[in-house]
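Notes for the structure review
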Amino acid sequence: MQIALYVIGGAAVAMALLPLLHRVFNSGCAVQILAGAALIFIGFRWDSLTFFQQKYLASLILLVLVIYCYFYNKIVSEGRGQTSNKSTLIVLGCRIRGDVPSLALEKRIDCAFAYLMENPDSVAILSGGQGEDENLTEAQCMYNHLTDRGIDKSRLFLEERSVNTDENICFSLKIIEDNGLSKDVAIATSEYHQLRTRMICERYGLSASPYSSKTHPMILQVFVNREMLAIVKEKLMPNIKVKL
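First, a word on what this report is: a plain description of the structure on this page. (Residues numbered from 1 in each chain as written. Predicted model: local features only at pLDDT ≥ 70, side-chain atom pairs only at ≥ 80, totals over all residues. Heavy atoms only, no water.)

Helix and strand counts for the chain come out as eight helices and seven strands. Referenced to the eigenvectors of the C-alpha coordinate spread, the extents of the chain come out at roughly 70 × 35 × 30 Å. Buried residues in the chain amount to 47% of all 244 residues. Considering only residue pairs separated by 6 or more positions, the chain has 72% of its internal contacts joining residues 24 or more positions apart. Roughly 12700 Å² of accessible area belongs to the chain as shown, and the carbon and sulfur atoms make up 61% of that amount. Within the chain, one finds 25 positive and 24 negative side-chain charges whose respective centroids are separated by 7 Å. (Helix = DSSP H or I, 4+ residues; strand = E, 2+ residues; numbered from the N terminus. Buried < 20%, exposed > 50% of the residue type's maximum accessible area, 1.4 Å probe, protein only. Contact = heavy atoms within 4.5 Å. Areas by Shrake-Rupley, 256 points an atom, 1.4 Å probe, with all protein chains shown as cover. Lys, Arg positive; Asp, Glu negative; His and termini not counted. Charge placed at Lys NZ, Arg CZ, Asp CG, Glu CD.)

Shown next as structure tokens:
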């Protein structure tokens, strides 16, 4: 059992540090490092535990791993579907550096472009405000890239106030209502983000289907970890809505 704890704990820490190669470190990384370190520590202390303590800890660790794998698969599976024929597409923003989209945002832009080309009668709401280190809004960044690639500007609506997913959906809903757009929407975002986005859409009365961009395998796990934390928060505060 000690060897298993060392291997699992060490692998967890290593996999949480690998995203640094992509300049990624988030709460999902931190939680996984702490969990891996805890397993290694338990391994060091294993021989000093009583048989009952060993049995209890082994059962608890196994239960946590099973629950983690279940929710990991649920989050990733939610983002595998690729819907079509929705007249309204909501594209969720992501970080830009200066005026250059991050890799995640590039993939979301590619995703939005593909959807708009496949569905020529659809329109897109580009949702994302401006961070402190960003030279323009995420919505404007997406707009620039899509129009440069030939998407007609009349098909694009900009939502430039939001700073989180809840605001993305709330402020996009306002644009939908003001312009008489369909509330049966497609969501263009990273696959790990789709489950929580759908939960928020349901809270605001939108029927959402996924149209997902793909995340590099090296960083997917830590973003899923972060989503798990965010989903717990969403479940604990399900009735809080952004005020327009």
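It is worth spelling out the sheet that holds strand 1 (residues 88-92) at this point. Across the sheet, five strands lie side by side as 5-4-1-6-7; this open sheet has parallel pairing. Both edges of this open sheet fall to strand 5 (156-159) and strand 7 (207-213), since each of them pairs with a single strand only. Between one strand and the next, the sheet's axes are offset by a mean angle of 25 degrees, whatever the strand orientation. As paired elements, strand 6 (residues 184-190) and strand 7 share seven bridges and run parallel to each other. When the bridges of strand 7 are listed, Ala188 appears paired with Tyr211. (Pairing = 2+ DSSP bridges. Axes fitted to C-alpha atoms, helices over the stretch in contact; angles between N-to-C directions.)

Time to look at the side chain of Glu159. On the secondary structure map, Glu159 appears in strand 5. Among the polar contacts listed, one links the side chain of Glu159 to the side chain of Ser127, at a separation of 2.5 Å. Contacts of Glu159, omitting those with residues within four sequence positions, involve Ile125, Leu126, Ser127, Gly128, Ala139, Asn168, Phe171, Ser172 and Ile175. (Polar contact = N/O pair within 3.5 Å; in protein donor to acceptor, adjacent residues only side chain to side chain.)

The final tally for this structure, using the stated rule, is 10 salt bridges. The partner of Asp133 in a salt bridge is Arg95, and the shortest N-O contact between them spans 3.1 Å. With Asp133 in the loop between strand 4 (123-127) and helix 5 (138-148) and Arg95 in the loop between strand 1 and strand 2 (96-97), this residue pair connects regions lying 38 residues apart in the sequence. Residue class for Arg95 comes out partly exposed when judged on its relative accessible area of 43%. Glu177 serves as the salt-bridge partner of Lys183, at 3.4 Å between the closest nitrogen and oxygen. Take Lys183: its relative accessible area is 38%, and that puts it in the partly exposed class. (Salt bridge = Lys/Arg side-chain N within 4 Å of Asp/Glu carboxyl O.)

Attention shifts here to the side chain of Ser172. Secondary-structure assignment places Ser172 in helix 6 (residues 165-178). With a relative accessible area of 0%, Ser172 lands in the buried category. For Ser172, the side chain forms a polar contact with the main-chain oxygen of Asn168, separated by 2.6 Å.

Turning next to the nonpolar core. Ranked by internal contacts, the top residues of the largest apolar core, which has 24 residues, are Leu89, Val91, Leu126, Leu146 and Leu156. Not counting the four nearest positions on each side in its chain, Leu156 is found in contact with Leu116, Ala124, Leu126, Tyr143, Leu146, Thr147 and Ile151. Core analysis: the next-biggest nonpolar cluster, separate from the first, contains 18 residues, Val123, Leu173, Tyr204 and Leu206 among them. (Core = buried A, V, L, I, M, F, W, Y, C linked by side-chain atoms within 4.5 Å.)

The subject of this paragraph is the packing of aromatic side chains. How two aromatic rings sit relative to each other is given by the distance of their centres and the angle of their planes. Inspection of every chain in the model, using the stated rule, returns five aromatic pairs. Look at Tyr6 and Phe44: their rings are 5.4 Å apart centre to centre, the planes differ by 55 degrees, and that puts the pair in the tilted class. With Tyr6 in helix 1 (residues 2-17) and Phe44 in helix 2 (residues 27-45), the pair connects residues that are 38 residues apart, well separated along the chain. Centroid distance Tyr70 to Phe71: 5.0 Å. Interplanar angle 80 degrees. Geometry classified as edge-to-face. Assessed through its relative accessible area of 40%, Phe71 is described here as partly exposed. Here the guanidinium or amino end of Arg149 rests over the ring plane of Phe113, the centre of that ring lying 4.2 Å away. (Phe/Tyr/Trp six-rings, centres within 6.5 Å; stacked < 30°, edge-to-face > 60°. Lys NZ or Arg CZ within 6 Å of the ring centre and 35° of its normal.)

Tallying each qualifying case throughout the model produces one cavity of 30 Å³ or more. Counted as a void, the largest cavity has a volume near 40 Å³. In terms of lining, the largest cavity is formed by Glu78, Ile187, Gln194, Thr197, Arg198, Ala208, Ser209 and Pro210. When contributions to the lining of the largest cavity are tallied by element, the ones reaching two or more residues are helix 7 (194-203) and strand 7. When the residues that make up the lining of the largest cavity are grouped by side-chain class, the tally is three nonpolar, three polar and two charged. (1 Å grid on protein atoms, 1.4 Å probe; cavity = no way out; pocket = protein on both sides within 12 Å on 5 of 7 lines; lining within 4 Å. Points joined across faces, edges and corners; volume = space filled by probe spheres on them. Nonpolar A, V, L, I, M, F, W, Y, C, P; charged D, E, K, R; others polar.)

So, to be careful, I would describe these as geometric facts and stop short of saying anything about function.
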